[in-house]
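Below, each chain spelled out in residue letters.
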Amino acid sequence: MTTHSMIDPRTASATIDTDALRHNIDAIAHHVAPAQVMAVVKADGYGHGAVTCARVAREAGAPWLGIATIGEALVLREAGDTGPILSWLHGPEEDYEPAVADGIDVTAGTVDQLSSALMAAAACEKTARVQLELDSGMRRAGSDPAEWDHLCRAALECEQTGAVKITGIWSHLATADEPDHPATQKQADAFADAVAHARSVGLEPEIVHLANSAAALGHPELHHDAVRLGIAMYGIDPGDGCATRAGVELLPAMRLRAQLAAVRHVNEGDGVSYGHSWIAPHDTTLGLVPLGYADGILRAASGRVKVRVGNRTVPIVGRVCMDQFMIDLGPDAPDAVGDEVTLFGAVDGPRAEDWAEGCDTIGYEIVSRIGGRVPRVLEDGDE
Ligand SMILES: Cc1ncc(COP(=O)(O)O)c(C=O)c1O
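Residues numbered from 1 in each chain as written. Predicted model: local features only at pLDDT ≥ 70, side-chain atom pairs only at ≥ 80, totals over all residues. Heavy atoms only, no water.

1. Examining the sheet that holds strand β8 (residues 207–211)
We count it as follows: Here, any two strands with at least 2 DSSP bridges between them count as paired. Think of it this way: any DSSP run of H or I at least four residues long counts as a helix, any run of E at least two long counts as a strand, and we number them from the N terminus. Only C-alpha atoms enter the line fits that serve as axes; for helices the fit covers just the stretch in contact. Angles between N-to-C directions range over 0 to 180 degrees. Contacts are assigned to residue pairs that have any heavy atoms within 4.5 Å of one another.
What the eight strands build is an open sheet, ordered β4-β3-β2-β9-β8-β7-β6-β5; its pairing is parallel. Unpaired on one side and paired on the other, β4 (85–87) and β5 (106–108) mark the two borders of the sheet. Taking the axes of each pair of neighbouring strands and ignoring which way they run, one obtains an average angle of 35° across the sheet. Alignment of β5 against strand β6 (residues 128–133), held across three bridges, turns out to be parallel. Looking at the pairing, T107 lines up with Q131 of β6. Of the strands in this sheet, β5, β6 and β7 (164–170) touch helix α6 (residues 111–124), which is tilted by about 175° from β6.

In C-alpha cells, the structure reads:
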C-alpha cells in the first residue's frame, strides 16, 4: 500500500517493515516489563508513517502513544485511534480544546499551560487530562525545579474544580545514550524528588515516566511506570551499542531503495556533478539514483557513504543534487538501468547508522528527514 505517489513507487520508495516494528516493540516491552511502552510516533513516526506505526504499536500491545504536537495527535484520532495519547509540545497561543475534547493528554510545564488546559476544559465541558513535565536537567522544556511546588499546588487546585485530572508526571533525559554520564543520575534524582513532592502535595498521577529508548535499554532503574520508546522501535540503536549491551536485537523498519535510473561510462579525469568536486580517478561506470537532498539524502553523504547494489557496496560520488545522485559502480560494472539499489535498511547493510556515521549525524536524522515525495510502501506478511 502506498501513501504518497510523487515518485513512482517502483522508481524509489521507503519500504516499511511492520514485522520489524512489531519485533522491536515486543523485544523492548519484554525488556522493560512490568513498565509499559509509550510508543513515540511524532514527526510522522520518525519518517515511517505515524498512522501505520501507531496501529502497529497498538497491535503489539503498547498502552500509550507519545507525540509532540496536538495536531499530530488529532491525526491519530482521525485515523481511528481511541487509546491514551500524550502530546508534549505546545505553542504559547495554542488552543488545547481539540485535544481535551478528544481525550488527548496535554503537557503542562508552566502555570500558563495549566490555565490553557483549564480554559479548554471549560470550553468543551470535559475534564482535561494533563501531565506535568519537570525540567530535571535537559533544559529544554518543563518546569524548573524551583517552580515545581507552585505548579503542583496550582495543579491540585485545578483538580479540585473537577475540570482537570493530573494523569502523569514526566521528564526527559539528556545523556542516557552515554552509559556512564553523570548527568543521568542527577536527572534521575531530581525527578524522583519531584515525583515524591507532587505526591506529598496530594497529586496521584496514573503514570510516571522518564526513560527514552536509551534508558529503556540501558537503565532499568529508570523505567518507572512507562518508557517513551522512539528510535529503538524503528530498529535504530539510540547510541553506540546500547541495544547490544542490553541483549536486545533491533531490526531496521525502514529500507530506502531505488532503481538505477541511468548507467553511464566516464573516462579517467572526467568531472562529475556540480562543482566537479569528484574527478574520476580511472575509467569507470556511474549509476544514477533518483533521490536527492529534497528527499532527505544528506548532501554531506557525497563521498562518505556507500549504498548496496546487488551484493556489492559502492560509494556515492560527486555532489548529491536536489533529486538525484551518482554512485561509482566500478569499471566493467555488470549493472543495468532498473537494477535495485538499497541506500539503507537492508539486513546485510548499509544501515541508517552507517549513514549517520558518514554524515556526522544520528540515525534519527537520517530516517526522519526522508521526504514526503518518497512513497512509503508497507511490507509485511499480512498486508
Ligand atoms: C519528550 C520525548 N520523549 C521521548 C522521546 C523518544 O526518544 P528516543 O527516540 O530517543 O527513544 C523523544 C524524542 O526525541 C522526546 O522528545
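2. Some details on the site of the ligand
Quick reminder of the rule: Consider each residue's heavy atoms; a residue with any of them within 4 Å of a molecule or strand counts as near. Here a polar contact is taken to be a pair of N or O atoms separated by no more than 3.5 Å, where protein atoms must pair a possible hydrogen donor with a possible acceptor and residues adjacent in sequence count only if both atoms sit in side chains. Only the protein chains shown count as cover for residues, with accessible areas throughout obtained via the Shrake-Rupley method and a probe of 1.4 Å. Each residue gets one of three labels, nonpolar for Ala, Val, Leu, Ile, Met, Phe, Trp, Tyr, Cys and Pro, charged for Asp, Glu, Lys and Arg, and polar for the others, Gly among them.
In the vicinity of the ligand, the residues found are K42, Y46, W88, R140, W170, H172, N212, S213, R228, G230, I231 and Y364. Between an oxygen atom of the ligand and a side-chain N or O atom of S213, the distance comes to 2.5 Å. Between the ligand and the protein, one listed contact pairs an oxygen atom with a backbone N or O atom of I231 at 2.8 Å. For the ligand, whose unbound accessible area comes to 390 Å², protein coverage reaches 93%. For the shell around the ligand, the per-class residue count stands at five nonpolar, four polar and three charged.

3. Overview of unusual backbone geometry
The condition that has to hold: Buried residues are those whose accessible area, probed at 1.4 Å on protein chains only, stays under 20% of the maximum for their type, while exposed residues exceed 50% and partly exposed ones sit between those limits.
Cis geometry marks the peptide bond from A33 to P34; its omega dihedral reads 10°. Examined against the element boundaries, P34 turns out to sit in the loop between α1 (18–32) and β2 (36–40). Here the phi dihedral of R139 falls at roughly 60°; this positive angle occurs in a residue that is not glycine. Inspection of the secondary structure assignment puts R139 in the loop between β6 and α7 (145–161). The phi torsion at S273 lies on the positive side, around 65°, for a residue other than glycine. In this fold, S273 is placed in the loop between β12 (271–272) and β13 (278–279). Taking relative accessible area as the criterion, S273 reaches 16% and is therefore assigned buried.

4. Observations concerning the pairing of strand β15 (residues 306–309)
Taken together, the four bridges between β15 and strand β16 (residues 312–317) define a ladder with antiparallel strand orientation. Paired with V307 across the strands is V314, a residue of β16. Connecting β15 to the next strand, β16, in antiparallel fashion are two residues, including G310 with a positive phi near 60°. The pairing of β15 with strand β18 (residues 340–344) spans two bridges and is antiparallel. Its bridge partner lying in β18, R308 is registered against T342.

5. Examining the nonpolar core
Stated formally: Take the buried residues of types Ala, Val, Leu, Ile, Met, Phe, Trp, Tyr and Cys, join any two whose side-chain atoms come within 4.5 Å, and each joined set is a nonpolar core.
L132, I327 and L343 are the most contacted members of the largest nonpolar core, which has 123 residues in total. It is α7 that provides the largest number of residues to this core, a total of seven residues. Among all residues touching L343, those that are not within four sequence positions of it are L256, R257, A258, V289, L291, I297, K306, V307, F325, P350 and W355. Counting eight residues, the second largest nonpolar core, distinct from the first, contains V266, V272, L286 and M326.

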